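A look at the structure
Single-letter residue listing:
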Amino acid sequence: QVQLVESGGGLVQPGGSLRLSCTASGSIFGINVMGWYRQAPGKERELVASITSGGYTNYADSVKGRFTISRDNAKTMVYLQMNSLKPEDTAVYYCNVRQLGIQNAWENYWGQGTQVTVSS
């Protein structure tokens, strides 16, 4: 079992920056992917960025060049640095962990979400 807690969301003006943090606790295994998803009103949840236990990153086309995902394996944390924010980035952002569990099956965990609002 894994618990995820996000922080760092809030209200920011267009062009501004925010840094989201996610702390994972519980049974974390070595083969895993940590990532950030977001869901705007009336839209489906979408992948924003992810990073594997080996350091490989993946970004949605809409955030490439503006967002940076990173992780601290010693602290079991993942971060999302968001720069040049746009109103269309407004959404609830969710931390996610996928890992190969003890029964050789993939497990999927979600945080409670943190609101990011980009508005002037």
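Coordinates for the structure precede this section.
Here goes a summary of the coordinates provided. Within every chain, residues take consecutive numbers counted from 1 along the sequence as written. At least 70 in pLDDT is required for a residue's local features to be given in this predicted model, at least 80 for side-chain atom pairs to be given and counted, and no such filter applies to totals for whole chains, interfaces and linings, which use all residues. The basis for every side-chain value is the complete set of heavy atoms in the structure, and neither hydrogens nor water enter the calculation.

**Observations regarding the state of the cysteines**
The term disulfide is used for any two cysteine sulfur atoms that are within 2.5 Å. Counting across every chain of the model gives one disulfide. The side chain of C22 participates in a disulfide bridge whose partner is C95; the two sulfur atoms lie 2.1 Å from each other. Sign of the S-S torsion, about -85° for the bond between C22 and C95, identifies this disulfide as left-handed. Remark: C95 occurs in strand β9 (residues 91–100) and C22 occurs in strand β3 (residues 18–26); sequence separation between them is 73 residues. With relative accessibility at 0%, the residue C22 sits in the buried group. Partly exposed residues are those whose accessible area sits between 20% and 50% of the maximum for their type, while under 20% is buried and over 50% is exposed, using a 1.4 Å probe and protein chains only. Relative accessible area serves as the criterion here: at 0%, C95 is assigned to the buried category. Helix and strand definitions follow DSSP, with helices as H or I runs of at least four residues and strands as E runs of at least two, each counted in order from the N terminus.

**Overview of the environment of W106**
Along the chain, the position of W106 falls in strand β10 (residues 106–110). You can call W106 exposed: its relative accessible area is 56%. Residues W106 and V2, 104 residues apart in the sequence, show an inter-C-alpha distance of 13 Å.

**Focus on the pattern of salt bridges**
Within this document, salt bridges are pairs made up of a side-chain nitrogen of Lys or Arg and a carboxyl oxygen of Asp or Glu, the two lying within 4 Å of each other. Going through the model one piece at a time under the given rule, you end up with four salt bridges. Close ionic contact of R38 with E46 constitutes a salt bridge, the shortest N to O distance being 2.9 Å. With a relative accessible area of 7%, R38 lands in the buried category. One connected set of salt bridges, linked through shared partners, spans R38, E46, R66 and D89.

**Re the side chain of T114**
Note that T114 resides in strand β11 (residues 114–118). According to the relative accessible area criterion, T114 is buried, its value standing at 11%. Within the structure, the side chain of T114 is placed 3.4 Å from the backbone nitrogen of G9, a separation counted as a polar contact. When near neighbours in sequence (up to four residues on either side) are disregarded, T114 contacts E6, G9, L20, A91, V92 and Y93. Residues adjacent in sequence count toward polar contacts only when both atoms are side-chain atoms; beyond that, a polar contact is any pair of N or O atoms within 3.5 Å, and within protein one must be able to donate a hydrogen and the other to accept it. In what follows, a contact means two residues having at least one pair of non-hydrogen atoms within 4.5 Å.

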